[in-house]
Amino acid sequence: MKRIGVLTGGGDAPGLNAAIKALVVRAERENFAVVGLARGWEGLLEEGKDDNILLDSELVRRWDREGGTALGSSRTNPFAFKQGDKKTDRSAEVVRNMEQLALDALVVMGGEDTLGVGNRLSKTGVPIVGVPKTIDKDLSATDYTIGFDTALHNNTTIIEWCRTPAGSHHWVQVVEVMGRHAGHLAFWSGVAGGADIILIPEIKFDYQKLFELLHQHMERHPHGMKRVARYAVVVVSEGVAASDGGIVTLDGSLDSFGHVKLGGVGKVISDAIRKHTRYDSRHVVPGYAQRGGAPSPVDRCMGFLFGTAAVGAVLQKRWGMMVSAKGVAPACELSLVPIDQAVEKLNLLDVNLYYDAERYNVKRNYFLEPRI
Ligand code: F6P
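All figures in this text were calculated on a predicted structure; none of them were measured in a lab. Sequence order as written defines residue numbering, which begins from 1 separately in each chain. Two thresholds apply to this predicted model, a pLDDT of at least 70 for residue-level local features and 80 or more for giving and counting side-chain atom pairs, whereas whole-chain, interface and lining totals are computed over all residues. Computation of side-chain values covers all heavy atoms of the structure but excludes hydrogens and water.

A. The overall build of the protein, seen in detail. Numbering of helices and strands runs from the N terminus, with a helix taken as a DSSP run of H or I at least four residues long and a strand as a DSSP run of E at least two residues long. Of the regular secondary structure elements, the protein holds 11 helices and 17 strands. As defined in this context, the radius of gyration uses C-alpha atoms, and a globule is described by 2.2 Å times the residue total to the power 0.38. For the protein, whose C-alpha radius of gyration is 22 Å, the value lies close to the compact-globule estimate of 21 Å for 372 residues. Its C-alpha atoms give the protein principal-axis dimensions of roughly 75 × 50 × 35 Å. The buried share among the 372 residues of the protein stands at 54%. Contact definition: two residues touch when any of their heavy atoms are within 4.5 Å. Within the protein, contacts between residues separated by at least 24 positions form 72% of all contacts whose residues are at least 6 apart in sequence. Think of it in three bands: with a 1.4 Å probe and only protein chains considered, a residue is buried below 20% of the maximum accessible area for its type, exposed above 50%, and partly exposed in between.

Structure, rendered in structure tokens:
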């Protein structure tokens, strides 16, 4: 019986378990066995290989309802494995372990880094198929990446919850959301949650302009309640930078793919608002909770579609290809694209189409004059 290995790497994302379940169910139908690899690429290194398990449809029966990834995840880079300050290329060990596990194919569910490793390996002849996953939605060559919809929903809920105390106390509520390089999450959760200002990594922002926009907003009193200031909600992406400054990092440390860990810009902006305007301000960082909870219906369905299609790609031996979506379920068409195309450049928010860099918000005419 032929065997497929499946791994999930990078930040976890709701919908991955649905993709794994669909893969296992279809693989069984096609008479393939499936090995679930533990903690991303670690499952194909000494450190993880004892934790790998055989998956069957009975075992994964309820997985689709759960968030995260039941296989575990890590940011392991076998081409530059980090041990202290040293980096070692352990990609040959990955190939050896695939042989030992008798894997005829490997399905890699990940974002730019995990798929980037898969892409490099596939160029050396390793039989790999990719599935796009990241709450940031910043992979190219696909309209959808697993996890985005749930994170969007979570963030919109958090923005809405923040509105109530901000409204009662008349402060500027800053909400810092994820999105390392791309503003999709910040922008669309900001639009859905009715944010007054949205700051995204694609466009550097100017503090004076931010203060001026806040002033214009806070001093507008459409209901005649002039005695009190209004409140405002500012959604900022963790990767945003001011025109006269850089990004704000957690502690300057890098992960094994060389990314600096982000975090803290929400507090910096909130402090600046308190210091340089007459408005009080608070900040909230939902952090990993954004990726938490059960997957949304869209993420479950996209997981089912991607997982099933990945087995189809294996059957056709379309190595080095990634499952890609045109549109999102229920209006979704699938195809296969080279993993190369997905990872060669990041898919950023189309600012020309959506973003008004003068108002730091959605373009007014985007909704008022939809293009037909
Ligand atoms: O890549 C997905 C993501 O959620 C990014 O938005 C974020 O920068 C990152 O993961 C945070 O995860 P970690 O702390 O593991 O780097």
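B. Inspection of the sheet that holds strand β14 (residues 321-326) at higher detail. The strand order across the open sheet built from seven strands is β3-β2-β1-β6-β7-β14-β15, with neighbouring strands paired in mixed fashion. With one partner strand each, in any of the chains shown, β3 (53-55) and β15 (333-338) form the two edges of the open sheet. Across the sheet, the mean angle from the axis of one strand to that of its neighbour is 30°, orientation sign disregarded. For two strands to be treated as a pair, DSSP must find at least two bridges joining them. Note that strand β2 (residues 32-36) and β3 share three bridges and pair antiparallel. Axis definition: a line fit to C-alpha positions, over the contact stretch in the case of helices; interaxial angles, taken between N-to-C directions, run 0 to 180 degrees.

C. View of the site of the ligand. When at least one non-hydrogen atom of a residue lies within 4 Å of a molecule or strand, that residue is treated as near it. Lining the immediate environment of the ligand, one finds Arg75, Ile135, Asp136, Met178, Gly179, Arg180, Glu238, Lys261, Tyr288 and Arg291. We call two N or O atoms a polar contact when they sit within 3.5 Å, provided that within protein one can donate a hydrogen and the other can accept it, with sequence-adjacent residues counted only if both atoms are side-chain atoms. In this structure, Glu238 approaches the ligand through a side-chain N or O atom, which is 2.5 Å from an oxygen atom. With respect to the ligand, the side chain of Tyr288 contributes an N or O atom lying 2.3 Å from an oxygen atom. Grid spacing is 1 Å over the protein atoms alone, the probe is 1.4 Å, and a cavity is where that probe fits but cannot get out, while a pocket is an open set with protein on both sides within 12 Å along at least five of seven lines and lining residues have an atom within 4 Å of a point. Whether a molecule sits in a cavity or pocket is decided by its atoms, more than half of which must lie within 2 Å of the grid points. Taken atom by atom, the bulk of the ligand overlaps the largest pocket.

D. Region of interest: helix α4 (residues 148-169). The terminal C-alpha atoms of α4, which comprises 22 residues, lie 32 Å apart, in line with the 32 Å expected from a rise of 1.5 Å per residue. Of all the residues in α4, the buried ones are Phe148, Thr150, Ala151, Leu152, Asn154, Asn155, Thr156, Ile158, Ile159, Cys162, Arg163 and Ala166. Lining the buried residues of α4 we find β8 (172-177), α5 (184-192), β10 (232-237), β13 (281-284) and α8 (297-315). In the segment just after α4, His170 is the residue with positive phi, at about 60°. A helix's residues, less one, multiplied by 1.5 Å, set its expected span.

E. Structural detail: the sheet that holds strand β9 (residues 197-199). With respect to topology, four strands assemble into an open sheet ordered β9-β10-β8-β13, the strand pairing being parallel. The sheet terminates laterally at β9 and β13, the two strands that pair on one side only. Across the sheet, the mean angle from the axis of one strand to that of its neighbour is 20°, orientation sign disregarded. With six bridges joining them, β8 and β10 adopt parallel strand pairing.

F. Structural view of a positive patch on the surface. A patch consists of residues whose relative accessible area exceeds 30% and which take part in no salt bridge; residues with like charges are grouped when within 9 Å of each other, and nonpolar side chains (Val, Leu, Ile, Met, Phe, Trp, Tyr) when within 5 Å. In these tables, accessible area is a Shrake-Rupley quantity obtained with a 1.4 Å probe, and a residue counts as shielded only by the protein chains included in the view. Counted as salt bridges are all cases of a side-chain nitrogen of Lys or Arg within 4 Å of a carboxyl oxygen of Asp or Glu. Asp and Glu are treated as the negative residues and Lys and Arg as the positive ones, with His and the ends of the chain left uncounted. A charge is said to be at NZ when it belongs to Lys, at CZ for Arg, at CG for Asp and at CD for Glu. Residues Arg75, Lys82, Lys87 and Lys261 make up a contiguous surface patch of positive charge. Residue position: Lys82 is located in strand β4 (residues 81-83).

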